[in-house]
Amino acid sequence: MIRFLHSRYFMVLTALVVVACALVYAVIGDVVYPAGDGGFVRGWGGPWLERGHVGMWVGLLLTLALAVFIGTLNRTFNLLRSMTWLHGAFFLMLTLATPSLMLNFYPGLLLAATVMLGCFLMFVSYNDRMAQRQVFLAFLLLSAGAALDYSFVVYMPVFWLATAQMRIFSMRSFMASLMGIATPWIILLGFRIVDISDLQVPHFYASNTLLGARSITWMIGVGLFSAFLGVSAWIQSAIRILSYNAQSRAMLSVITVVLFFTLVFGAADYCHLAVFLPLLNCSVALQEGHLFSVIYRRQKSYYAILAIMIIYLGLFAWRTILCVC
């Protein structure tokens, strides 16, 4: 049983269940757009494709692509020290508890995709003193994303720290990061795609979201539970991580820093939590995947894995019933 749960077949089965549940929610639930105008360019933060099937399918496909990508991240770098796909299944189940986040194309999904891609660029550059191109690209993506939502800026310090963790920090890599930050804005302003008058300071308060109070409360509750799972998994794995080689420790520490930055800023601007939640789910899923693939790998560990899955299915059912009633 435990081998099946760690296989790609279980992730495919989980994906089918999650897509089916999401489509049911799209029909009978209350799908709301989860983000407002929180970018540095006025009007670019959303809503995008707020109504209709296009936004729903793009959101679903991007969510599935994220699950596959974090699975590929592990297969490429042996990030979790085990050839497992369980973290992809965990990510899908965690996201299912907040179905509106996977039924819309919005900045939160792009933030998760950008940070995970940035982690890939960092990992592939380990101990490579000529990795300025990867550093430039990672910061270019974050800076471009800031036009859509301020949350992209939050992760720039994470990637400066990641360059040190990956042993590629130098004056050249730092200058490459600054060039990456400047490049999108030089293009946007230089080609008059945006005007100076279109720039704004994002609003860090409740009007930064189009969600109602009940939806925000629900996301806070789900986010707190997911955060508890992620931090608990990290605490239980911390001693084992110390025994890994330098590269594995560095890669896992980047994921841990992403997790804690997401927790801090998600709590600081909890009304904007919808944008941080997909990335929180990615980070927690990776921590849980490591916990159950290395620390708790005994046969009976499938009880705990299935219990977590059932809890999130129950949260989805509860959310659906609340919307119907």
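About the criteria used
- Residues numbered from 1 in each chain as written.
- Predicted model: local features only at pLDDT ≥ 70, side-chain atom pairs only at ≥ 80, totals over all residues.
- Heavy atoms only, no water.
- Phe/Tyr/Trp six-rings, centres within 6.5 Å; stacked < 30°, edge-to-face > 60°.
- Buried < 20%, exposed > 50% of the residue type's maximum accessible area, 1.4 Å probe, protein only.
- Helix = DSSP H or I, 4+ residues; strand = E, 2+ residues; numbered from the N terminus.
- Lys NZ or Arg CZ within 6 Å of the ring centre and 35° of its normal.
- Salt bridge = Lys/Arg side-chain N within 4 Å of Asp/Glu carboxyl O.
- Core = buried A, V, L, I, M, F, W, Y, C linked by side-chain atoms within 4.5 Å.
- Contact = heavy atoms within 4.5 Å.

**Student:** Break down the packing of aromatic side chains for me, citing the residues and quoting the values.
**Tutor:** According to the stated counting rule, one finds 13 aromatic pairs in the structure shown. Ring plane angle 70 degrees and centroid distance 5.7 Å describe the contact between F4 and F10, whose orientation is recorded as edge-to-face. Of the residues examined, F4 reaches a relative accessible area of 37% and is grouped as partly exposed. Where F77 meets F123, the ring centres are 5.6 Å apart and the plane angle is 80 degrees; that geometry is what we call edge-to-face. Within this pair, whereas F77 is found in helix α3 (residues 53-77), its partner F123 is found in helix α5 (residues 107-124), the two being separated by 46 residues in sequence. On the basis of relative accessible area, F77 is assigned to the buried category, the value being 15%. According to the relative accessible area criterion, F123 is buried, its value standing at 2%. An aromatic cluster of at least three residues, connected via ring pairs, comprises F69, F77, F120 and F123. The aromatic ring of Y244 is capped on one face by R81, whose charged end is 4.7 Å from the ring centroid.

**Student:** Describe unusual backbone geometry, and please don't skip the residues or the numbers.
**Tutor:** Even without being glycine, N127 reaches a positive phi, approximately 60 degrees. Among the structural elements, N127 can be located in the loop between α5 and α6 (132-146). Under the relative-accessibility criterion, N127 is labelled partly exposed at 46%. The phi angle at R192 is positive, at roughly 60 degrees, despite the residue not being glycine.

**Student:** Which residues make up the pattern of salt bridges, and what are the values?
**Tutor:** All chains considered together, the criterion is met by 1 salt bridge. Notably, a salt bridge pairs D195 with R192, separated by 3.4 Å at the nearest N-O pair. Look at D195 and you get partly exposed, because its relative accessible area is 31%.

**Student:** Could you give me a rundown of the nonpolar core, with the residues and numbers involved?
**Tutor:** The biggest cluster of nonpolar side chains holds 107 residues, and the ones touching the most others in it are F123 and Y155. It is helix α12 (residues 273-295) that provides the largest number of residues to this core, a total of 14 residues. For F123, the residues in contact, after removing those within four places along its chain, are L73, F77, L79, M166, Q247, M251, V254 and I255.

Interpretation in functional terms is not warranted from these geometric data alone.
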